[in-house]
Amino acid sequence: MAGSNEVNLSESKMVVPLNMWVLISNFKLKYNLLRRPDGTFNRHLAEFLDRKVPANANPVDGIFSFDVIIDRATNLLCRIYRPAFTEEPQPSLSDLEKPVDAEFVPVIVFFHGGSFAHSSTNSAIYDTLCRRLVGICKAIVVSVNYRRAPENRCPCAYDDGWSALKWVSSRSWLQSKIDSKVHIFLAGDSSGGNIVHSVALRAAEAEIEVSGNILLNPMFSGEERTESEKKLDGKYFVGLRDRDWYWRAFLPEGENRDHPACNPFGPRGKSLEGIKFPKSLVVVAGLDLIQDWQLAYAKGLEKAGQKVKLLFLEQATIGFYLLPNNDHFYTVMDEISSFVNPDG
Amino acid sequence: MGPFDFAAAAAAASSSSSSSGSAPKHPPDLDGLLAGAGYKVRSSELHHVAQRLERLETAMVNSASHIPHLASDAVHYNPSDLASWVDSMLSELPHSSSLPSGFPDPYPTALGCGWLDPCAPQPHQNVVVPQQQQQQLTVVAALEEDSGIRLVHALMTCAESVQRGDSSLARSLVEEMQALLARVNTSCGIGKVAGYFIDALSRRLLGLGSAPAWTYENEVLYHHFYEACPYLKFAHFTANQAILEAFDGHDCVHVIDFNLMHGLQWPALIQALALRAGGPPLLRLTGIGPPSPDGRDTLRQIGLRLKELARSVNVQFTFRGVVASRLEDVKPWMLPVSPKEAVAVNSIMQLHKLLGSDPNRDPPIGSVLPWIRSLNPKIMTVVEQEASHNQTGFLDRFTEALYYYSTLFDSLEAACPVQPDKALAEMYLQREICNIVCCEGTARLERHEPLDKWRARLGEAGFTPLNLGSNAFKQASMLLTLFSAEGYSVEENEGCLTLGWHSRPLIAASAWQAVPSVVNSPTGVINPNDNNNQL
């Protein structure tokens, strides 16, 4: 794509529904405006352009949400999504954290995507996605508003994820009745998927139990240029130059893409053998240029003796899970639902 | 019978059917899934927008050097209106006028454009669309203590019994809550705001109504509220930005302020006009305010102070005070405007006071909005609390207010402003709480309604939105960084700006223009009825 005056967009048009194409292209173009060549980010314009929705303690389609500041020192906010109570249609302020009534409720701690720089918990696309997760998985979702790059580099996002995990695991009202334990699943897309890995690692080391990891198109990379990166560069909404920019913005200054945060199974990666790591569901889109890294991640887990299920969706592009008008969406949602519920 | 509104209680019973809370009504033509992502695009326009996006991408690649300009200088408006946004970006780029060769014109029926047939028809009934509902309760809270939760529970039960007309239960609950208060931390969080609500409930049960608002005292409290937190500053700042832009190119300008108070909003505008390229215009300010209880002519005094300031920066300035206890008492003949001048009508938290009335009469807003239109204003700036405190059901109103004011008090607390600003600011808010909880009919002035309702109301009255753009947004955001507390957030909401605490918008600023009787749309107005097919 670099150097050509004609933009070849015909391929991406053929594989996604029109409104999906409009949505993702819209993001692509807007994000182009926000990344500055000097590595800084136009945060004001980013916030202005982002479509946000407030929480809503009134149930909509059977789901309500509310925001909680879980750490005043860093102003870390989480948005919690719950199914509406059957007896009391409108929860009052004191009911928001009413103890879970079911024998088993998966609590999904969700990290939104955005390549570490974009989006927030209250971005419309992620608010909608979290609501869908609640409905489909019969779960409670805790969406974490982690600090973003480039203003806050690695490991800020991981620290925030860790704070959120600790907070969730210590909420008695989130305990499943069957065993008075909070059954936590970590989930995230793009950069959120990357965060899932790091937080799970920290949890394993601290012996906080995480029942499973869900990584949707997780963001990983390395110094090497892989086949998929060369083949798919610029073809399906994403190019290497923007990927490189985001890593430069997130990783500590002076670091390269073999930093373990970026390349957990690379030359500087840490071995996961013998570690009590949660089972993982890794979803890879066949038209995502970084798929080789995502496949390598899944393979790395496997080689370390960890339980991993790989879901490879050949014709899926990035962001396919943002709208429910394609088969991939339903395939993945079904998989996630089985993954988080007992016997899954 | 007391001050209860039994008719309202019955209405509330039917309005609390939130378990069936369904997606709001969008114009049926909008793509439901994109709407869920925050973008309003008509299904029939989807192909057209896609092609414009394609063209924009090509233009951006071909004019890569222009990208910094697009990002930092170009003003962006209302990103939800995707079609307009794309077009405005295209208009900023030099190479967008030439079509790539062989590119077909947009025809929705032809699949020759290359896109997949939009798969299955959108399953609208399954769409989870973000809500712009009448009732929108958000919470930014961390309920730590048990007694805090018990207190809130008691408050809800008490409000519910008030709505049902069970005053004896309500009274005993008030006593119980007063006892609970003693065990809860009342210096912050839920304990602090609960105290005010318990107090207000108690007053309502005693039939006391809210304390009479002594004008002078109210002005003092207002001033401290202005100092203690950024809400009013944001209101003034954002309104002034919009007014300044609207006044561009006009030599005679006239601002009509619906609530002058101490005229805190105007020095900044006067100074900005003084620095205007090409020199300042002739500025007239009409300030409306209540009569002073002690016979002083406060309005005139403030006018004189502003005149002094204007003189010091060489702005020709005249002031006129209009005394009125209520906005609906103002008659158009009291506000003469000249056809030569550009008129700005400025209403900071005043319009909601016009929504209440006695049972058999229409709310005064119905007569006030037309006379505002008759002034033919170039712009009307409106700032209102972003809350739904005008619901007929007492419980709904009470609940919403509890959420709203606890967030507001939370922000006051965390922003750590100096005393006595904080305490007096809290008193200012306490009066609002009291009015919402204790009063009915014409006595209930604090009838806050959310943006969506104002949009509908102003739209019906013949006003169209003037979008506040990314420049105003950026400056407002930067203004906020002057405050040490991190947690205030400015958000863009379809052409309007809101200021909130964390993720909860608390006040909303918008700008409006009267629909002209002539066919041509004036420049700068993005008319939602336009087809946006500009090339």
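Our structure is the block above this text.
Residues numbered from 1 in each chain as written. Chains lettered and ligands numbered in written order. Predicted model: local features only at pLDDT ≥ 70, side-chain atom pairs only at ≥ 80, totals over all residues. Heavy atoms only, no water.

Q: Explanation requested: the pattern of salt bridges in the structure shown.
A: When charged atoms on two side chains of opposite charge get close, those side chains can pair. Residues and elements named next belong to chain A. Tallied over the full model, the rule gives 40 salt bridges over all chains. Between Arg79 and Asp127 there is a salt bridge, with the nearest N and O atoms lying 3.0 Å from each other. A residue pair is termed long-range when its members are at least 10 positions apart, and Arg79 in strand β2 (residues 76-83) and Asp127 in helix α4 (residues 124-137) qualify at 48 residues. Overall, the relative accessible area of 1% leaves Asp127 in the buried class. The partner of Asp159 in a salt bridge is Arg202, and the shortest N-O contact between them spans 3.0 Å. (Salt bridge = Lys/Arg side-chain N within 4 Å of Asp/Glu carboxyl O. Helix = DSSP H or I, 4+ residues; strand = E, 2+ residues; numbered from the N terminus. Buried < 20%, exposed > 50% of the residue type's maximum accessible area, 1.4 Å probe, protein only.)

Q: How should the packing of helix α14 (residues 394-414) of chain B against helix α15 (residues 421-438) of chain B be read in this particular structure?
A: All names here are of chain B. With their axes 10 Å apart at the nearest point, α14 and α15 run at an angle of 175° to one another. Here α14 lies roughly antiparallel to α15, going by the angle between them. Listed contacts from α15 to Phe394, Arg397, Phe398, Ala401, Tyr405, Leu408, Phe409, Leu412 and Glu413 of α14 are Lys422, Ala425, Glu426, Leu429, Glu432, Ile433, Ile436 and Val437. Along the lines of polarity and charge, the residues of the contact of α14 with α15 split into 12 nonpolar, no polar and 5 charged. (Axes fitted to C-alpha atoms, helices over the stretch in contact; angles between N-to-C directions. Parallel < 35°, antiparallel > 145°, perpendicular 65-115°, else oblique. Contact = heavy atoms within 4.5 Å. Nonpolar A, V, L, I, M, F, W, Y, C, P; charged D, E, K, R; others polar.)

Q: What should I look at first to understand the packing of aromatic side chains in this one?
A: Aromatic rings in a pair are described by how distant their centres are and how their planes are angled relative to each other. Residues and elements named next belong to chain B. Counted by the stated rule, this structure contains 28 aromatic pairs over all chains. The interplanar angle of 75° and the centroid separation of 5.7 Å between the aromatic rings of Tyr231 and Tyr488 together place this pair among those described as edge-to-face. Of this pair, Tyr231 sits in helix α10 (residues 231-246) while Tyr488 is found in strand β7 (residues 488-493), placing the two residues 257 residues apart along the sequence. Taking the relative accessible area as the measure of exposure, Tyr488 reaches 10% and is therefore buried. Summarising the aromatic geometry, the rings of Phe394 and Phe398 are spaced 5.8 Å apart at their centres and angled 35° between planes, so their arrangement reads as tilted. Of the two residues, Phe394 and Phe398 are both situated in helix α14; the distance of 4 residues between them amounts to about one turn of the helix. Taking relative accessible area as the criterion, Phe398 reaches 1% and is therefore assigned buried. Feature note: the residues Tyr222, Phe225, Tyr231, Tyr428, Tyr488 and Trp501 constitute an aromatic cluster, connected by ring pairs. The ring of Tyr226 has Lys233 sitting right over it, with the charged end atom 5.1 Å from the ring centre. Note that Arg457 overlies the ring of Trp454, its terminal NZ or CZ placed 5.5 Å from the centroid. (Phe/Tyr/Trp six-rings, centres within 6.5 Å; stacked < 30°, edge-to-face > 60°. Lys NZ or Arg CZ within 6 Å of the ring centre and 35° of its normal.)

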